[in-house]
Each structure stands twice: as C-alpha cells, then as structure tokens.
Amino acid sequence: MQRAREDRVPFHVAIIMDGNGRWGLGQSLTRSDGHRAGVEALRRTVEAAPGLGVTTLTVFAFSCDNWRRPAAEVATLMELLAAYLARDGQRLVAEGVRLVMLGRRDRLPAGLAAEVAAFEAMSAEGGRMTLRIAFDYSSRAAIAAAARALGPDATLEELDRLIAGPGGSPVDLLIRTGAEKRLSDFLLWECAYAELWFTERLWPQFAPADLEAAVGDFHLRERRFGAIPATAAPRAAA
Ligand code: FPP
C-alpha cells in the first residue's frame with residue numbers, strides 16, 4: 001500500500017460520511033440500518049488509514065443540525081456511538097489509536113459522555129493515529145467559541161490551536177461521500193487549504209480501495225498555499 005511521502009507527515013484526512021440513509025432505503029431497509037452499515041465502513045476505514053500514512057482521521061458522525069431528524073434516528077446514532085466504543089474501544093487503545101471526541105458533551109446521554117471521557121483518557125498516549133469523532137459538532141460554533149474565549153487581539157496561531165481542539169491540525173484532504181458537494185458546517189477553519197475529494201459512493205459502500213484512491217489523488221495534486229509553485233510550503237499563521 002502507498003505510504004504518505006515524508007513531506008506529507010502529519011497527514012490529516014477528514015471525512016463527511018454521507019449517504020447512509022439513502023443506502024438503507026435503497027436496500028429496502030431503514031435509514032437506521034444504513035447508519036449501522038456506516039459503522040462497518042468506519043471500522044474498515046480506521047483500519048486502513050494508518051497504512052496509507054494518515055496520522056489524523058476526523059470523521060463527521062453527528063452534527064448539531066442532525067437533532068432536527070426524527071427522534072428514533074437520533075437515538076440510533078447515539079446507540080451506535082456507544083456500541084462502537086464498547087466493541088472497538090479497547091482494541092483501538094491496544095493498537096495505539098488515540099481517540100478524541102469533538103463537539104458538545106452536554107446533550108449526550110450521561111453514561112455515554114462518561115464512556116467517551118474514559119476512552120479519551122485511556123488512549124491519550126496512542127501514537128499510531130489520532131481518530132477524532134465529531135459528534136453533536138458544529139464548526140461555526142467551535143469558531144465562535146474560540147473567538148469569544150480569545151477576544152479581539154487573538155492571533156491566527158492562537159485561533160488555529162483553540163479551534164482545532166485536541167489532536168487537531170489543518171486538514172490536508174477532505175473526503176465527502178454520497179454525491180453531495182458541500183461542507184455542512186464541518187471543519188470550516190481547518191479546511192482553509194484542504195484538498196477536496198468527492199465520490200458518488202454512499203458511505204456504507206466506501207472501501208479501503210476508495211480511501212487509497214483519494215489519498216493517491218491527493219499525492220498528485222500540487223499544493224500552493226497561495227504561493228507560486230517553487231516556493232509553496234504551509235505557512236505558519238501570522
Ligand atoms: C449522513 O448520512 C450520515 C450521518 C448523519 C451519520 C454518520 C454516522 C455513521 C457513519 C455511523 C455512526 C458512527 C458512529 C461511530 C456513531 P445521511 O443519513 O444524511 O444520508 P442521506 O444523505 O442518504 O440521507
């Protein structure tokens with residue numbers, strides 16, 4: 001498998017896992033079945049990512065706007081997060097994956113918030129890859145909170161740090177499945193210079209070969225960060 005080139009490390013990939021509902025309905029199942037299949041796709045992706053040089057993987061599992069969905073679908077997504085931690089948490093820790101949750105904690109079921117905190121603590125030393133799960137997350141809310149906390153004299157560097165949160169960094173590659181081409185309030189600040197990769201595949205259909213294709217495409221792109229080719233390099237925030 002292809003590895004990230006030395007100059008690509010750290011390599012932050014972010015994924016908008018879209019299309020679960022359509023996949024479920026297309027299989028004559030329910031939208032919630034689609035989310036369940038989505039967890040399997042997440043599991044495959046997390047397993048494949050370190051071998052492709054990914055050092056940080058941030059996935060969008062539940063947005064603050066997803067509360068507008070039917071209560072039963074919301075409940076399924078909460079249950080799936082709890083089940084994912086229960087089933088995969090220990091193994092991820094053993095494999096050196098650091099787990100970080102982004103987003104609000106105060107609207108999670110109490111037991112789930114505690115589970116999340118426990119796995120974050122247990123996995124804090126994990127050096128193989130950081131898996132960040134955005135859940136009850138809004139990028140605009142994260143940016144607004146950082147701006148409020150830092151005040152009008154905040155430097156871009158300070159904002160970078162506070163908005164990105166634990167284990168965060170600028171996104172190198174943003175993947176969105178499900179044929180839509182929008183950011184949906186996900187990592188808006190961190191994606192300032194992200195390369196974007198879209199696929200018509202629905203998230204439950206996403207396979208390691210698709211991740212490999214996206215990463216391969218990323219390595220072919222010329223990143224200029226606003227400069228001309230010969231001098232381009234990521235710029236420290238002013
Ligand atoms: C978007 O598809 C997907 C979501 C809102 C949830 C994503 C969640 C998972 C992949 C599984 C949950 C994983 C964990 C660890 C909790 P959609 O439902 O909007 O699809 P549609 O566009 O076809 O309706």
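Please refer to the structure higher up on the page.
Keep in mind it's a predicted model, so treat the numbers as computed, not measured.

1. Quick notes on the packing of aromatic side chains
Here is step 1: Across all of its chains, the model carries eight aromatic pairs by this definition.
Here is step 2: Note on Phe60 and Phe186: the rings are 4.5 Å apart at their centroids and 10 degrees apart in plane angle, and the pair reads as stacked. Residue Phe60 is found in strand 2 (residues 56-63), and its partner Phe186 is found in the loop between strand 5 (173-176) and strand 6 (195-198); the two are separated by 126 residues along the sequence. Each member of the pair, Phe60 as well as Phe186, is classed as buried.
Here is step 3: Connected via pairs of aromatic rings, a cluster forms that spans Phe60, Tyr137 and Phe186.

2. Observations regarding the pattern of salt bridges
Here is step 1: The tally for this structure, following the rule as stated, stands at 21 salt bridges.
Here is step 2: Residues Arg140 and Asp185 are paired through a salt bridge, measuring 3.5 Å at the closest nitrogen-oxygen approach. Of this pair, Arg140 sits in helix 5 (residues 139-150) while Asp185 sits in the loop between strand 5 and strand 6, and the two are 45 residues apart along the sequence.
Here is step 3: Judged by its relative accessible area of 55%, Arg140 is exposed.
Here is step 4: Arg223 is the salt-bridge partner of Asp172, the closest N and O atoms lying 2.9 Å from each other.

3. Structural notes on the nonpolar core
Here is step 1: Judged by nonpolar contacts, the single largest core of 44 residues is most densely connected at Leu57, Leu131, Leu173 and Ile175.
Here is step 2: Of all the elements, helix 3 (residues 71-94) adds the most residues to this core, at eight residues.
Here is step 3: Residue contacts for Leu57: discarding those within four places in its chain leaves Val13, Ile15, Thr45, Val46, Ala49, Met129, Thr130, Leu131 and Arg132.
Here is step 4: If you look at the next biggest cluster of nonpolar residues, it comprises 13 residues, including Ala14, Tyr137, Leu174 and Phe186.

4. Details of the sheet that holds strand 1 (residues 12-16)
Here is step 1: Read from one edge to the other, the open sheet built from six strands follows the order 3-4-2-1-5-6, with strand pairing classed as parallel. Two strands bound the open sheet, and with one partner strand each, they are strand 3 (97-102) and strand 6. Within this sheet the neighbouring strands show an average axis-to-axis angle of 20 degrees, counted without direction.
Here is step 2: The strands touched by helix 2 (residues 31-48) are strand 1, strand 2 and strand 4 (129-137); relative to strand 2, the strand with the most contacts, the crossing angle is about 165 degrees.

5. A look at the site of the ligand
Here is step 1: Taken together, 19 residues surround the ligand, and among them Met17, Asp18, Arg22, Arg31 and Arg69 come closest.
Here is step 2: Within the contact set of the ligand, an oxygen atom lies 3.2 Å away from a backbone nitrogen or oxygen of Gly21.
Here is step 3: Contacts to the ligand include Arg31, whose side-chain N or O atom sits 2.9 Å from an oxygen atom.
Here is step 4: Relative to its free-state accessible area of 630 Å², the ligand is covered by the protein chains to the extent of 92%.
Here is step 5: Those elements giving two or more residues to the shell around the ligand turn out to be helix 1 (20-26), helix 2 and helix 3.
Here is step 6: The element contributing the most residues to the shell around the ligand is helix 2, with five residues.
Here is step 7: Taken together, the residues of the shell around the ligand sort by class into nine nonpolar, six polar and four charged.

6. Quick notes on helix 2
Here is step 1: Helix length check: helix 2 (18 residues) gives 26 Å between terminal C-alpha atoms against 26 Å at 1.5 Å per residue, within 8%.
Here is step 2: Residues of helix 2 that are buried include every one of Ser32, Gly34, His35, Ala37, Gly38, Val39, Ala41, Leu42, Arg43, Thr45, Val46 and Ala48, and no others.
Here is step 3: Looking at the buried residues of helix 2, the elements they touch are strand 1, helix 1, strand 2, helix 3, strand 4 and helix 7 (208-220).

7. Here we look at the packing of helix 2 against helix 3
Here is step 1: Contact geometry for helix 2 and helix 3: axes closest at 10 Å, N-to-C directions at 25 degrees. Considering their axes alone, helix 2 and helix 3 lie roughly parallel with respect to each other. By crossing handedness, the relation of helix 2 to helix 3 is classed as right-handed. Taking contact as the criterion, the partners of Arg31, Ser32, His35, Arg36, Val39, Glu40, Leu42, Arg43 and Val46 in helix 2 are, on helix 3, Glu73, Thr76, Leu77, Leu80, Tyr84, Arg87, Asp88, Arg91 and Leu92.
Here is step 2: Tallied by class, residues from the contact of helix 2 with helix 3 come to seven nonpolar, three polar and eight charged.

8. Comments concerning empty space enclosed by the protein
Here is step 1: This model, assessed by the stated rule, comprises one cavity of 30 Å³ or more.
Here is step 2: By volume, the largest cavity is sized at about 50 Å³.
Here is step 3: No other element matches helix 3, which puts six residues into the lining of the largest cavity.
Here is step 4: Tallied by class, the residues present in the lining of the largest cavity amount to six nonpolar, two polar and one charged.

Each value, and the rule that gives it
- Residues numbered from 1 in each chain as written.
- Predicted model: local features only at pLDDT ≥ 70, side-chain atom pairs only at ≥ 80, totals over all residues.
- Heavy atoms only, no water.
- Phe/Tyr/Trp six-rings, centres within 6.5 Å; stacked < 30°, edge-to-face > 60°.
- Helix = DSSP H or I, 4+ residues; strand = E, 2+ residues; numbered from the N terminus.
- Buried < 20%, exposed > 50% of the residue type's maximum accessible area, 1.4 Å probe, protein only.
- Salt bridge = Lys/Arg side-chain N within 4 Å of Asp/Glu carboxyl O.
- Core = buried A, V, L, I, M, F, W, Y, C linked by side-chain atoms within 4.5 Å.
- Contact = heavy atoms within 4.5 Å.
- Pairing = 2+ DSSP bridges.
- Axes fitted to C-alpha atoms, helices over the stretch in contact; angles between N-to-C directions.
- Near = heavy atom within 4 Å.
- Polar contact = N/O pair within 3.5 Å; in protein donor to acceptor, adjacent residues only side chain to side chain.
- Areas by Shrake-Rupley, 256 points an atom, 1.4 Å probe, with all protein chains shown as cover.
- Nonpolar A, V, L, I, M, F, W, Y, C, P; charged D, E, K, R; others polar.
- Expected span 1.5 Å × (residues − 1).
- Parallel < 35°, antiparallel > 145°, perpendicular 65-115°, else oblique.
- Left-handed = near helix turned anticlockwise from the far one by under 90°.
- 1 Å grid on protein atoms, 1.4 Å probe; cavity = no way out; pocket = protein on both sides within 12 Å on 5 of 7 lines; lining within 4 Å.
- Points joined across faces, edges and corners; volume = space filled by probe spheres on them.

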